Every structure is written in structure tokens, then in C-alpha cells.
Amino acid sequence: MERVDVAIVGGGPAGSAAAHAAATGGADAIVLEKGVPRADRDRLGPDSTDAAGILDYWVDIMGIHPDEFDDGVVQRELNRAEFRGPDESATLTSTGIDSSYDEFGYTFHRARFDDWLRDRAEDAGAEYRAGVSVRGVDTDPAISPGSDEPRHRVELASGETVGAEFVVLADGPQRTVTNKVLDEYLPADAAASDRLASRTANHIAYQEYRRVPEEVYEEVNDALVFWWGVMPGETAYPWIFPNDDRVCRIGLTMPIGLDIDEFDRDDYALLDADDESIPQGGEYVRRLLEWQYGDEYDVEEDFPLVEDAGKRNGTETYPISSTRPIDSPTEAGIAVTGGAMGTTSAFHEGGDHVAVRTGAIAGELAAAGDMVPYNRRWKEAIGDEIVRNVTMADMVADYDPDDWNRIIGAADAMLAADASGGLLSQPYRSGWESVKLLLGYKWNKRRVKKDYVGIDESEYVY
């Protein structure tokens, strides 16, 4: 049986960051990645999807400055985010959070980002093995680190077994392996597979790579653009994000399993009166482009798909976890990281910065020989970020188009009153709705901060 210090299940940002940190700390680390093909990747890699981008303070959370990347990873530097409602809009030019990165943010090429993280881990001495599927993890908590027998036996689909002192679970929001592992440490009536895999607790995202007209690209090539209140569903929104060479990612996030009859079709710009069901992602994108640009352009002719980009034929579809983050059964020498622990937010869509950070913490602790501090360490590193995301998602959960107009209008008034471009600095100079927005956010944040962990470490039974 092959033996390593740290076995890492999943080779995305969290897994590669864990491998890099573990190897840097002197541990023998292996990444086990099932591997999927992409049109824009020359080798098998993680089931990755281009995220929105990285904001300025996310650079510090992630701990990697974009200057470190290879050429081609960073696509566009950003100077703003635009939030558009049915009738109102607001433009954010500052996150209001101190950062070592001088720009508002950047978009990046996710496959190249993944490959850079992999190369960094391998350069540090870790092994990255793609094309390997993990069936499960058999753990004997009674075996202590350093024993002749490994505490963990990672069972591969090939029939082989990898023995390890520590296991890092980084298999993304679908938690193919994670749920089965966590179920071993939870009571039967509180199984992770039931609590974390509910259809009502997950979103789907879809995006297309389209080359847009030069005039359109000039409008958005340094911005993240979101529309709110134009399609039904909790934290459901379309977007346009810029890449290089006049290519934009145009897509949307929406909950799974919506019933169109629960919504008034006339209220939403991207629904038609004769819709019998919620539109598919591709139809939503077509309607968005027609709504925004159809008067000036032939959308199918002037916004062609870039078929050699993304996962398949210029498109990407992927799940997003909207569950709250979970603690790990660290006394068993196991850490759950990144999307598998619930750090990807359906509200802001991306989670690469927190995936890298949680993976790095897990790898560092595994190399040090003690995983127990992990739950405390991840809260210290990303707790504030998670609380912000959960708070905002909770606040807008039941918003309809009128609510989005009201809240975006209030945000615009607050931004106009604050010359620095921050959002929550001068609410008392910008009207009653702005005051309510600020007070509601603060009240909800205090409430969420007391209880934002989906599975607490006290629930695990060893």
C-alpha cells in the first residue's frame, strides 16, 4: 500500500493550495484528482469554471498577489462593479475594505489559474495525480499519527489504496466524497448527505463565452456587471464579466427546482407571458442580450459563441453550494476545505479566494502534524467574509423586483453621498431608505455572526 503524510481529495484551488502548503512544510503530499477535459486546457484538471473575478481585499484573503501569476492568468483589471435593477442602477468603485492590491479587482482565466496552482504545488514537492477517482475514505481514529499503520485508507476506483496520516477533502460543492466521509462522524438523523445535498439548498450557474462588439466591450471591459430583480428566485441574477480579446462571459445563477407558477411573469424582464416553465440557462442569456442590445445588434450574428473556450463548446454549467460553511472532524485528522465546506456563495458566485486560503491552512497544519486547530484557524481567516455573504444572502432572499429597485436606489444614493465610492459610509446623508439598508445589514450581521456554521465541530462523534 502506498503511504503519504497527506492525501488530498480534489485538485482545484483548495486542493492545490493544500498540497503546496503541506509540501512546503516538509510533508509528503499527494493530490488525487479525477480530472475532466476542457476546451481551453491541454491536460486533465479539476472540474473548474471561470469565476467572476477577484476583488481587491480578496487578494489578501487568498494570499497570492496577481503579480505572481504566469502570463495569461489575469484577463482584465477592473475598476468597478455595476448593479442594475429593473429601473435603478448603482456603480461601486471601492469595496471600502483595506487591501494591498491597488486596483478594484481583476478577472482571470480559471483553467490557467488552476494549472498555475498545480505547477506551484508540484514545484514545492507535492505529487498531483490526475485521472484518479476516489471511492471513499476508511478511517480508524484510534490510530495515532506516526503509527506503523496509517490512520486513513483512501480507496481508489482502481482498487488501489493510499494510506495517509491526514486527509484534506477538497472535492468541491458537489461533495462526492466529503458527504460519505462526514456521515461516519454524524448521527444517522443528522447525516451530512441529507443536510448538505438538498435540492432546495443549491443553485445552478450557466455561462457562455461570447465575442461582443467593440462598442459593447468598451463599456464593460473593466467592470463586473450584474442585474438583480430581472429573473425569479432567491439570489438569481445574470451577469457580464470581461475576458481578453473582446470575449465576455455572459451567464446567470439561479436556484434549482423553481416553479414558474409561483411567480408573476409580468414582473420579470427575462420572463415571457407564455412561459410554461423556468427558462433554461441558454434561453436566459439570449433574452438578456436581446433585452440589452437587441435594438442595435443582431445578437446571434454580432455576439458569436467562442467555441474553443470554457468547458464545452463555449459554455459552462456548474453547481454552486448555497449551504453555510461547515466545521471539520479534525480530531480524526480530516479537514474539509473550499467549496466542499460551503465557502462558495450563491450570492457572490465566486469562492476561489477562500478555497485557496482554507486549503493552505489545512496543508500547513497537516505538515505540522496537528489538524485540530483548523476550525478555529479558518474562522479567523475567512469568518468575516463568510458572515458578510450569508448576511447579504439572507437579507435579499425574498426580494421581488420592486424591492431590488428600492435597495439599489438606496445604494446609489449612499454612493452619491460618499465621494470615496464606498457603500456604507454616509447613509445618514442619503435618505431614509439608505438608513434602513445600513441598519438592516448591521442587525442581520450581528445575528448571523452568532450562528453561521452549518455543521459545528461539537456535532461530530468519534
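For every chain, the first residue of the written sequence is number 1, and numbering continues from 1 onward in sequence order. Per-residue local features of the predicted model are confined to residues with pLDDT of at least 70, and side-chain atom pairs are confined, for both listing and counting, to 80 or more; whole-chain, interface and lining totals are unaffected and use all residues. Side-chain figures throughout are based on the complete set of non-hydrogen atoms in the structure, without hydrogens or water.

- If you check an unreviewed UniProt entry, the protein chain appears there as Electron transfer flavoprotein from Halorubrum saccharovorum.

## Considering the confidence of the model for the protein chain
- Scored by pLDDT, the protein chain comes out at a mean of 89, with 91% of its residues at no less than 70.
- Under a pLDDT of 50 for its full length, residues 421-432 has, in the predicted model, 27 contacts with residues more than four places off or in other chains. Think of pLDDT as the predictor's per-residue confidence, scored from 0 to 100. Note on contacts: a residue pair is in contact if any heavy atoms of the two residues lie within 4.5 Å.

## Brief notes about the environment of G281
- Put simply, DSSP H or I for four residues or longer makes a helix, DSSP E for two residues or longer makes a strand, and each gets a number counted from the N terminus. With respect to the element layout, G281 can be found in helix α7 (residues 281-293).
- The exposure class assigned to G281 is buried, which follows from its relative accessible area of 9%.
- With 90 residues separating them along the chain, G281 and A191 place their C-alpha atoms 32 Å apart.
- When sequence neighbours within four positions are dropped, the list of residues in contact with G281 reads Y206 and L252. Type-normalised accessible area, obtained with a 1.4 Å probe on protein chains alone, sets the label of each residue: buried when under 20%, exposed when over 50%, and partly exposed for intermediate values.

## Things to note about a negative patch on the surface
- Patch construction takes residues with relative accessible area above 30% that form no salt bridge. Like charges are linked within 9 Å, and nonpolar side chains (Val, Leu, Ile, Met, Phe, Trp, Tyr) are linked within 5 Å. Note on areas: Shrake-Rupley, 1.4 Å probe, and residue coverage restricted to the protein chains presented here. In what follows, salt bridge is the name for a side-chain nitrogen of Lys or Arg lying within 4 Å of a carboxyl oxygen of Asp or Glu. Think of it this way: Lys and Arg go in the positive column, Asp and Glu in the negative one, and His and the chain ends go nowhere. We put the charge of a Lys on NZ, of an Arg on CZ, of an Asp on CG and of a Glu on CD. On the surface, E214, E215, E218, E219, E290, D295, E296, D298 and E301 cluster together into a patch of negative charge.
- The biggest single contributor to the negative patch is helix α6 (residues 214-220), with 4 residues.
- Of note, E214 is situated in helix α6.
- We classify E214 as exposed; its relative accessible area is 52%.

## What to know about the nonpolar core
- In this structure, V154 and Y374 are the most contacted members of the largest nonpolar core, which totals 102 residues.
- The element that contributes the greatest number of residues to this core is helix α10 (residues 374-395), accounting for 8 residues.
- Apart from the residues within four sequence positions on either side, Y374 is in contact with S328, T330, A335, V336, T337, M341, T358, I361, A362 and L365. Note on terminology: a nonpolar core comprises buried Ala, Val, Leu, Ile, Met, Phe, Trp, Tyr and Cys residues joined through side-chain atoms within 4.5 Å.

## Things to note about α10
- Take the residue count of a helix, subtract one, and multiply by 1.5 Å to get its expected span. If you check α10, its first and last C-alpha atoms are 29 Å apart, about what 22 residues at 1.5 Å a residue would give, namely 32 Å.
- By the largest-angle criterion, I382 marks the main kink of α10, which is about 65°. Bending is quantified residue by residue as the angle between axes fitted to the seven-residue window ending at that residue and the seven-residue window starting at it.

## Focus on the pattern of salt bridges
- Applying the stated criterion across every chain yields a total of 31 salt bridges.
- A salt bridge links R3 to E165; its shortest N-O distance comes to 3.1 Å. Within this pair, whereas R3 is found in strand β1 (residues 2-9), its partner E165 is found in strand β11 (residues 161-169), the two being separated by 162 residues in sequence.
- In this structure R3 comes out as partly exposed when scored by relative accessible area, which is 35%.
- Taken together, the shared-partner salt bridges in this structure form one network comprising R41, R43, R110, D114, D115, D119 and D352.

## Observations regarding the UniProt feature "domain: FAD-binding" (unreviewed entry) in the protein chain
- UniProt positions are given in the numbering used here, feature names are shortened, and annotations may be inferred rather than shown by experiment. In this structure's numbering, the residues bearing the UniProt feature "domain: FAD-binding" (unreviewed entry) are residues 3-180.
- Measuring from the first to the last C-alpha atom of residues 3-180 gives 22 Å, for a span that is 20% helix and 31% strand.

## A word on the packing of aromatic side chains
- Two aromatic rings from Phe, Tyr or Trp, using only the six-membered ring of Trp, form a pair when their centres are within 6.5 Å; if the ring planes differ by under 30 degrees the pair is stacked, by over 60 it is edge-to-face, and anything between is tilted. Scanning the model with the defined rule gives 20 aromatic pairs in all.
- Three or more aromatic residues joined by ring pairs form one cluster here, namely F83, F226, W228, Y237, W239, F241, Y399 and W404.
- Here, a charge over a ring means that NZ of Lys or CZ of Arg falls within 6 Å of the ring centre while also lying within 35 degrees of the ring normal. The ring of Y399 has R406 lying over it, and the distance from NZ or CZ to the ring centre is 5.8 Å.

## Let's talk about the sheet that holds strand β3 (residues 54-55)
- Paired strands, as defined in this entry, are two strands with at least two bridges between them according to DSSP. Spatially, β3-β7-β4 is the arrangement adopted by the 3 strands of the open sheet, whose pairing is antiparallel. The sheet is open, and its two borders are formed by β3 and β4 (74-78), each paired with just one other strand.
- The pairing of β4 with strand β7 (residues 105-108) spans 4 bridges and is antiparallel. Bridge pairing in β7 links L78 to G105.

## Here's the deal with α7
- Here α7 contains 13 residues, and its C-alpha end-to-end distance of 18 Å stays within 8% of the 18 Å for a straight helix at 1.5 Å per residue.
- Three or more residues of α7 are buried, namely G281, Y284, V285, R287, L288, L289 and Y293.

## Brief notes about the side chain of Q207
- Within the element layout of this structure, Q207 appears in strand β12 (residues 202-211).
- Two N or O atoms form a polar contact when they lie within 3.5 Å of each other; inside protein one atom must be a possible hydrogen donor and the other a possible acceptor, and for residues adjacent in sequence the pair counts only when both atoms belong to side chains. Within the structure, Q207 has its side chain in polar contact with the side chain of E316 (distance 2.8 Å).
- Contacts of Q207, omitting those with residues within four sequence positions, involve T49, D50, W239, R249, I250, G251, G314, T315, E316 and Y318.

## Comments concerning the domain arrangement of the protein chain
- Segmentation of the protein chain into domains returns domain 1 (3-52 + 109-199 + 323-390), domain 2 (203-319) and domain 3 (391-449).
- Put simply, buried area is how much 1.4 Å-probe accessible surface two parts lose in total, over both of them, once they are put together. Interface area, domain 1 with domain 3, both sides summed: about 780 Å², of which 60% is carbon and sulfur.
- Run the count over domain 1 and domain 3 and you get 1 salt bridge.
- For R324, the salt bridge identified is with D394, shortest N-O distance 2.7 Å.
- Under the convention adopted here, Pro, Cys and the residues Ala, Val, Leu, Ile, Met, Phe, Trp and Tyr are nonpolar, Asp, Glu, Lys and Arg are charged, and Gly plus all remaining residues are polar. Of the residues contributing to the side of domain 1 that touches domain 3, the split by class is 3 nonpolar, 1 polar and 3 charged. For the domains described, the bounds stem from an automatic or database domain assignment.

## Quick look at the packing of helix α1 (residues 13-24) against helix α9 (residues 352-368)
- Closest axis-to-axis distance for the α1/α9 pair is 7 Å, and the angle between their directions is 35°. In this structure, the crossing between α1 and α9 has a hand that is right-handed. Residues P13, A14, A17, A18, A21 and A22 of α1 pack against D352, A355, V356, G359, A360, G363, E364 and A367 of α9.
- Each residue belonging to the contact of α1 with α9 can be placed in one class, and the counts come to 10 nonpolar, 2 polar and 2 charged. Lines are fitted to the C-alpha atoms to define the axes, a helix being fitted only along its stretch in contact, and any angle between axes, read from their N-to-C directions, falls within 0 to 180 degrees. With the far helix as reference, a near helix turned anticlockwise by less than a right angle produces a left-handed crossing, and one turned clockwise produces a right-handed crossing.

## Overview of the pairing of strand β13 (residues 223-227)
- With 5 of its 5 residues buried, β13 lies for the most part within the structure.
- Relative to β13, strand β5 (residues 80-84) is paired through 5 bridges, and the arrangement is parallel. Considered in β13, the bridge of E82 is made with V225.
- For β13 and strand β14 (residues 237-242), the ladder comprises 2 bridges, and the chain directions are antiparallel. Following the sheet pairing, F226 is matched in β14 by W239.

## Details of unusual backbone geometry
- Non-glycine residue R175 carries a positive phi angle of around 50°.
- Tracing the chain through its elements places R175 in the loop between β11 and α4 (178-183).
- For R246, which is not glycine, the phi torsion reads 60° and is therefore positive.
- Here R246 is to be found in the loop between β14 and β15 (247-255).
- Look at R246 and you get partly exposed, because its relative accessible area is 34%.

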